[in-house]
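Okay, here's what each chain looks like letter by letter:
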Amino acid sequence: MDSQKYISIGQFYSKENENVTVGKSCILTSNITIRPEAIDFKQEALQRIISTLANKNDEIQNFIDTLNHTLKGVQENSSNVLAELDEEFDSLYSILDEVKEGMINSIKQEQARKSQELQSQLSQCHNALENSEELLEFATRSLDIKEAEEFSKAARQIKDRVTMASAFRLSLKPKVSDNMTHLMVDFSQERQILQTLKFLPVPKAPEIDPVECLVADNSVTVAWRMPEEDNKIDHFMLEYRKTNFDGLPRVKDERCWELVDNVKGTEYTLSGLKFDSRYMNFRVRACNKAVAGEFSDPVTLETKALNFSLDNTSSHLNLKVEDSCVEWDPTGGKGQESKIKGKENKGRSGTPSPKRTSVGSRPPAVRGGRDRFTGESYTVLGDTAIESGQHYWEVKAQKDCKSYSVGVAYKTLGKFDQLGKTNTSWCIHVNNWLQNTFAAKHNNKVKVLDVPVPEKIGVFCDFDGGQLSFYDANSKQLLYSFKTRFTQPVLPGFMVWCGGLSLSTGMQVPSAVRTLQKSENGMTGSTGSLNNVTQ
């Protein structure tokens with residue numbers, strides 16, 4: 001047993017032997033035959049394990065970032081709360097100081113008033129006492145007068161002076177008392193209030209209900225509820241952001257949270273969105289008139305839609321392309337041709353261009369070697385291929401556009417080919433030059449459409465179901481529907497002459513279109529309706 005060695009391959013164990021035979025169909029050891037299919041299967045299983053571990057590591061790293069962000073938030077918010085608490089108490093101290101100063105002034109004013117009254121009475125009493133003492137002294141001296149006539153005269157004078165003396169008109173009761181109790185303050189109630197001072201009641205975190213949330217027609221309705229009834233809630237704050245990550249929101253994400261404040265109900269609809277990301281994160285918190293509560297647990301909703309731009313690298317030279325707009329430019333080709341001729345002449349003059357290459361060493365062109373569209377194929381394709389699923393986009397033409405087409409095509413569409421004139425492209429075509437026509441085209445066959453040309457055209461592509469439908473984007477009226485079987489990935493295609501087109505992507509399939517598709521399964525398609533109709 002000690003002399004035997006084992007090699008582990010997944011769940012298989014084989015004894016290692018010096019005589020190992022490797023054949024075309026299997027690997028032979030002394031005891032076990034391991035087929036290449038088993039190794040491939042184990043490699044796939046190991047690859048799945050590695051992928052699972054990588055995803056788990058990514059989740060753990062995101063959780064670590066969340067914890068670090070939360071820890072930093074706790075420290076910052078604690079500092080902010082302490083600063084706000086100091087500010088509130090300083091404000092309270094300031095109010096108390098103002099009240100105290102006012103009360104002190106009231107006491108001082110009362111003291112001054114009473115002191116003034118008492119001082120006035122004291123002065124009057126001193127004057128009356130002084131006059132009374134003088135009169136008493138005069139009366140005492142008058143008792144020593146011996147002559148009757150002189151005594152009678154003195155007695156009359158004393159009587160008159162006594163009658164007029166201020167001492168007999170003076171009130172001997174203080175005008176004010178020394179009692180100051182009416183200015184005493186009872187702080188027992190206020191002290192009790194201050195002693196019961198505590199933190200504000202914080203609303204509990206709401207709970208977003210993913211089942212009640214709705215993603216449709218490029219709108220998202222978010223619904224939530226409170227874990228328990230709270231009649232003090234004044235409003236809610238909803239935050240959202242777009243992301244390409246599933247699951248919990250990431251701290252290190254490209255996009256910041258956007259705020260919808262003062263939401264009065266327990267649901268809110270964000271409309272008119274462009275779904276240019278795979279998901280959206282949502283969170284909400286409740287607010288009373290004093291404080292906001294914690295955020296709810298975030299919810300991630302899928303908002304996947306087809307996003308593409310126009311491929312400038314392969315568009316016709318007479319087309320000016322910018323992301324989602326294409327415009328006819330009659331000078332584009334001439335300008336490009338003059339540049340090419342200038343380079344050729346410069347090369348002939350003896351100064352070779354460093355970028356000039358032979359035909360054999362031509363740089364690879366986009367989309368499998370096809371060059372730019374040329375000739376009368378004033379075409380540009382989208383830069384994103386459709387290989388599965390249902391998708392929708394809209395196209396709007398300039399009012400003075402003379403001719404344009406909207407549809408899809410295989411990648412193999414030739415550089416001289418026009419949309420609808422090959423069996424690899426499907427489109428509807430609008431012609432406002434010389435005569436007005438509106439028609440569906442495929443494989444160089446035409447079906448004239450007896451409907452008004454809409455302001456904006458909606459394109460619905462069901463790759464798996466083999467259906468391409470065109471709608472009035474505003475009314476959602478069906479214009480035409482091709483029924484086919486796509487054998488290759490398709491690209492959105494556009495032709496424009498003397499005018500311009502602008503397209504809107506990042507759009508979900510509208511609910512009205514989905515409903516119409518279910519009821520229009522019997523609609524005639526390109527094979528049936530265009531078989532016997534030539535251009």
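The structure displayed is predicted, hence computed values, not measured ones. (Residues numbered from 1 in each chain as written. Predicted model: local features only at pLDDT ≥ 70, side-chain atom pairs only at ≥ 80, totals over all residues. Heavy atoms only, no water.)

Enquirer: How should I be thinking about the overall build of the protein in this particular structure?
Expert: When its secondary structure is counted, the protein shows seven helices and 26 strands. Relative to its full complement of 535 residues, the protein shows a buried share of 32%. Considering only intrachain contacts with a sequence separation of at least 6, the fraction spanning at least 24 residues in the protein is 66%. In the structure as shown, the protein presents an accessible area of about 34900 Å², 51% of it carried by carbon and sulfur atoms. (Helix = DSSP H or I, 4+ residues; strand = E, 2+ residues; numbered from the N terminus. Buried < 20%, exposed > 50% of the residue type's maximum accessible area, 1.4 Å probe, protein only. Contact = heavy atoms within 4.5 Å. Areas by Shrake-Rupley, 256 points an atom, 1.4 Å probe, with all protein chains shown as cover.)

Enquirer: So what exactly am I meant to see when it comes to the side chain of Asn-281 here?
Expert: Position of Asn-281 among the secondary structure elements: in strand E12 (residues 279-287). A relative accessible area of 0% means that Asn-281 is categorised as buried. Within the local environment of Asn-281, its side chain forms a polar contact with the side chain of Thr-300, the two groups lying 2.9 Å apart. Apart from the residues lying within four places of it in its own chain, the contact partners of Asn-281 are Glu-239, Tyr-240, Arg-241, Thr-243, Gly-247, Pro-249, Trp-257, Val-299 and Thr-300. (Polar contact = N/O pair within 3.5 Å; in protein donor to acceptor, adjacent residues only side chain to side chain.)

Enquirer: Honestly, the environment of Pro-210 in this entry has me stumped. Any pointers?
Expert: Inspection of the secondary structure puts Pro-210 in the loop between strand E6 (207-208) and strand E7 (214-216). Taking the C-alpha atoms as reference points, Pro-210 and Ala-223, separated by 13 residues in sequence, lie 7.6 Å from one another.

Enquirer: Would you take a moment to explain the nonpolar core for this structure?
Expert: Soluble, globular proteins show a tendency: their nonpolar side chains are buried together. Ranked by internal contacts, the top residues of the largest apolar core, which has 47 residues, are Trp-393, Leu-468, Phe-470, Phe-486 and Phe-494. Setting aside residues up to four positions removed in sequence, Leu-468 forms contacts with Val-408, Trp-426, Val-459, Phe-460, Cys-461, Tyr-480, Ser-481, Phe-482 and Phe-486. Counting residues in each nonpolar core, the second largest holds 21 residues, with Val-260, Leu-270, Phe-275 and Val-284 among its members. (Core = buried A, V, L, I, M, F, W, Y, C linked by side-chain atoms within 4.5 Å.)

Enquirer: Help me understand a negative patch on the surface, please; the structure alone is not making it clear to me.
Expert: Taken together, Glu-84, Asp-86, Glu-87, Glu-88 and Asp-90 make up a surface patch of like negative charges. With respect to the helices and strands, Glu-84 occurs in helix H1 (residues 36-142). (Patch = residues over 30% accessible without salt bridge, like charges linked within 9 Å, V, L, I, M, F, W, Y side chains within 5 Å. Salt bridge = Lys/Arg side-chain N within 4 Å of Asp/Glu carboxyl O. Lys, Arg positive; Asp, Glu negative; His and termini not counted. Charge placed at Lys NZ, Arg CZ, Asp CG, Glu CD.)

Enquirer: Quick question: what am I supposed to make of the sheet that holds strand E25 (residues 490-497) here?
Expert: In sheet architecture, strand pairing relies on hydrogen bonds along the backbone and comes in two forms, parallel and antiparallel. Pairing in this open sheet of six strands is antiparallel, and the strands run E16-E25-E18-E19-E20-E21 from one edge to the other. Two strands lie at the open edges of the sheet, namely strand E16 (379-381) and strand E21 (445-448), each paired on one side alone. Each strand of the sheet is rotated relative to its neighbour by a mean of 20 degrees, with strand direction disregarded. In the sheet, strand E19 (residues 425-431) pairs with strand E20 (residues 437-442) via six bridges, with the strands oriented antiparallel. From the neighbouring strand, Trp-426 faces E20, where its bridge partner is His-442. (Pairing = 2+ DSSP bridges. Axes fitted to C-alpha atoms, helices over the stretch in contact; angles between N-to-C directions.)

Enquirer: Looking at this model, I keep getting lost on a nonpolar patch on the surface. Mind explaining?
Expert: A surface patch of nonpolar side chains, amounting to about 650 Å² of accessible area, comprises Leu-82, Leu-85, Phe-89, Tyr-93, Leu-96, Leu-194 and Leu-197. Counting residues per element, the nonpolar patch draws most heavily on H1, which supplies five residues. Within the element layout of this structure, Tyr-93 appears in helix H1.

Enquirer: In this structure, what is going on with the confidence of the model for the protein? I would like to understand it.
Expert: Detailed reading of the predicted coordinates is not advisable wherever pLDDT falls low. For the protein, the mean per-residue pLDDT works out to 83, and 84% of the residues sit at or above 70. For residues 531-535, every residue scores under 50 in pLDDT, and the model assigns this stretch eleven contacts once sequence neighbours within four places are set aside. (pLDDT = per-residue confidence, 0-100.)

Enquirer: Got a minute to help me understand the pairing of E25 in this structure?
Expert: Taking burial as the measure, the eight residues of E25 include seven buried ones, the bulk of the element. Bridge count between E16 and E25: three bridges; the pairing is antiparallel. Within E25, the residue paired with Leu-381 across the bridge is Gly-493. The pairing of strand E18 (residues 403-410) with E25 spans eight bridges and is classified as antiparallel.

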